[in-house]
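Chain by chain, the residues run as shown.
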Amino acid sequence: MAGQPLEGVRILAVEQYGAGPFGTMYLANQGAEVIKIENPADGGDMARGVGPYFFDDEGRQSQFFHSFNLNKRSVALDLRSDEGRRIFRELAATADAVTNNLRGDVPEKLGLDYASLKDVNPRIVCGHLSAYGRDGSRKTWPGYDYLMQAEAGWFSVTGEPGSPPSRFGLSVVDLMTGVTMAFGVSSAILQARASGEGRDVDVSLFDLALHTVTYLSTWYLNAGHVQDRLPRSAHPSLTPCQTYKTGDGWIYLMCNKEKFWPALCRKIGRPELATDPRFATFKDRLAERPAIQEILDEALSAKTTAEWMVEFGGTVPASPILDIADAMDNPFVAERDGIHAFPPPPNGAELGLEEAFRMVAHPIRNSGSAPPKRPGPELGGDTDGLLAELGYGADQIAALRKAGAVG
């Protein structure tokens, strides 16, 4: 078996909760050694205590935490102490990158930026994920996903017309910003290994949310068009592309190429619609969207969603609309090996957690190598080993622990 693409890359991650950990988990899943730097005085990453669901009865194995921290290591280190910062710098000398998802003004204070670390490692890449960036009038502001969705216009195009403004059902800004940071850091590591010089890499929730408005922002900036919400989650310019009624619920159709419209007409038993001049082009169909909705609602109501999926499969782009349970239990997910079993944490036995737990598989599949499948780390579970690697003896580690510099 070939190794993972990022084997031999070491990342120090000063991170908590969602966005940063999600991004570094992508690096860990690709084989990087990701070492979480967690403050022992604060109980480590706050996500460790996030419920309401835990794998154990003692509230120490948060299912939320594991969802963001597979395949990582953990060092309990207090960066507010002189000793903690000194140890961190020693670790940084061995690393390819340091990442954080702190408030914009904090990395410089903690010495997590390139200017602070280049003396111990000129090749170090410092990845910063903040709410509003590390400069400007909002660098000291805290910020979260839903705030970004609201200010970047996402609420205004989500949900049904006439309803209150709505957010996405998932924290998509957090997740996408984390992956964007992982991409930026990986790119910078590649350049640093070639040149011998590292750099700062900045991403922010706000910039990501604004950038992913994509073509809607281009339409406004160049054509003055302000997109509004559309009924039934419709596409702003393509038809048919929305939800339609079936005999037992709903189905989503996406006829986003001209060839799919006649294919759909044949499948619903209305081939004459394919040559109807009212519906000849995308532009024509957009103008006749209400009429097409009425026609398709009536035709599709003759069968169940499952029956239409069989009918459309491979010919007309269609999808059932599932809840989370149905999405996880989807036979196609099993066919894709989309759910993986992970072993219990190292201390699972003492917590009564001895059986494997299940999580969604990592979406990047590398030929020739099986994906790593390690649970999220115990707080400080790798502290002693990494300190020993730096040359610390048992007595020194005990003294550091007594002083509170490590946990």
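The coordinates are above.
Draft legend 1. View of the overall build of the protein. Of the regular secondary structure elements, the protein holds 17 helices and 11 strands. In terms of overall dimensions, the protein has a C-alpha envelope of 85 × 50 × 40 Å along the principal axes. Within the span of the protein, comprising 407 residues, buried residues form 44% of the whole. Restricting to contacts in the protein with at least 6 residues of sequence separation, those with at least 24 account for 68%. Carbon and sulfur atoms make up 55% of the accessible area of the protein, which amounts to about 20400 Å² in all. Charged side chains of the protein number 40 positive and 52 negative; the gap between the two group centres comes to 4 Å.

Draft legend 2. Quick peek at the pairing of strand S8 (residues 250–254). Where strand S7 (residues 241–245) and S8 come together, five bridges link them in antiparallel fashion. Within S8, the position partnered with Cys-241 by the bridge is Met-254. Hairpin connection between S7 and S8: a loop of four residues separates the two successive antiparallel strands. As judged from the three bridges shared by S8 and strand S9 (residues 318–320), these two strands associate in the antiparallel manner. Each bridged residue has a counterpart across the sheet, and for Ile-251 the counterpart in S9 is Pro-320.

Draft legend 3. Structural view of the sheet that holds S9. Here three strands make up an open sheet; going across it, the order is S7-S8-S9 and the pairing antiparallel. Looking at the sheet topology across the chains shown, the edges are occupied by S7 and S9. Recorded for the sheet is a direction-independent mean angle of 25° between the axes of neighbouring strands. Strands S7 and S8 of the sheet are contacted by helix H12 (residues 289–300), whose axis makes an angle of about 40° with S7. Strands in contact with helix H13 (residues 305–312) are S8 and S9; relative to S8, the strand with the most contacts, it is inclined by about 25°.

Draft legend 4. Focus on the side chain of Arg-48. Along the chain, Arg-48 falls in the loop between strand S2 (33–38) and helix H2 (63–68). Owing to a relative accessible area of 12%, Arg-48 belongs among the buried residues under this scheme. Of the polar contacts made by the side chain of Arg-48, one reaches the backbone oxygen of Pro-377; its length is 2.9 Å. Apart from the residues within four sequence positions on either side, Arg-48 is in contact with Glu-38, Gly-43, Phe-54, Gly-59, Ser-62, Phe-65, Ser-74, Pro-377, Glu-378 and Leu-379.

Draft legend 5. Examining the side chain of Asn-69 more closely. Within the element layout of this structure, Asn-69 appears in the loop between H2 and strand S3 (73–76). A polar atom in the side chain of Asn-69 sits 2.9 Å from the backbone oxygen of Phe-65. With residues up to four places along the chain from it excluded, the contact list for Asn-69 reads Glu-15, Pro-21, Met-25, Lys-36, Asp-45, Pro-375, Gly-376 and Pro-377.

Draft legend 6. Broad picture of the packing of aromatic side chains. Tallied over the full model, the rule gives 12 aromatic pairs. Taking 5.0 Å as the distance between ring centres and 65° as the angle between the ring planes, the aromatic pair formed by Tyr-215 and Trp-219 counts as edge-to-face. With a gap of four residues between them, Tyr-215 and Trp-219 both fall in helix H9 (residues 214–223), about one helical turn apart. Trp-219 gets classed as partly exposed once you look at its relative accessible area, which sits at 29%. Arranged with centres 5.1 Å apart and planes meeting at 20°, the rings of Trp-308 and Phe-312 form a pair that is stacked.

Draft legend 7. Structural context of unusual backbone geometry. Omega for the bond connecting Gly-51 with Pro-52 falls within 30 degrees of zero, at 5°, which places this linkage in the cis form. Assignment of secondary structure puts Pro-52 in the loop between S2 and H2. Going from Thr-239 to Pro-240, the amide bond is cis rather than trans, its omega being 0°. Among the structural elements, Pro-240 can be located in the loop between H9 and S7. With a phi close to 65°, Asn-71 is a non-glycine residue in the positive phi region. Following the sequence through the fold, Asn-71 ends up in the loop between H2 and S3.

Thresholds applied
Residues numbered from 1 in each chain as written. Predicted model: local features only at pLDDT ≥ 70, side-chain atom pairs only at ≥ 80, totals over all residues. Heavy atoms only, no water. Helix = DSSP H or I, 4+ residues; strand = E, 2+ residues; numbered from the N terminus. Buried < 20%, exposed > 50% of the residue type's maximum accessible area, 1.4 Å probe, protein only. Contact = heavy atoms within 4.5 Å. Areas by Shrake-Rupley, 256 points an atom, 1.4 Å probe, with all protein chains shown as cover. Lys, Arg positive; Asp, Glu negative; His and termini not counted. Charge placed at Lys NZ, Arg CZ, Asp CG, Glu CD. Pairing = 2+ DSSP bridges. Axes fitted to C-alpha atoms, helices over the stretch in contact; angles between N-to-C directions. Polar contact = N/O pair within 3.5 Å; in protein donor to acceptor, adjacent residues only side chain to side chain. Phe/Tyr/Trp six-rings, centres within 6.5 Å; stacked < 30°, edge-to-face > 60°.

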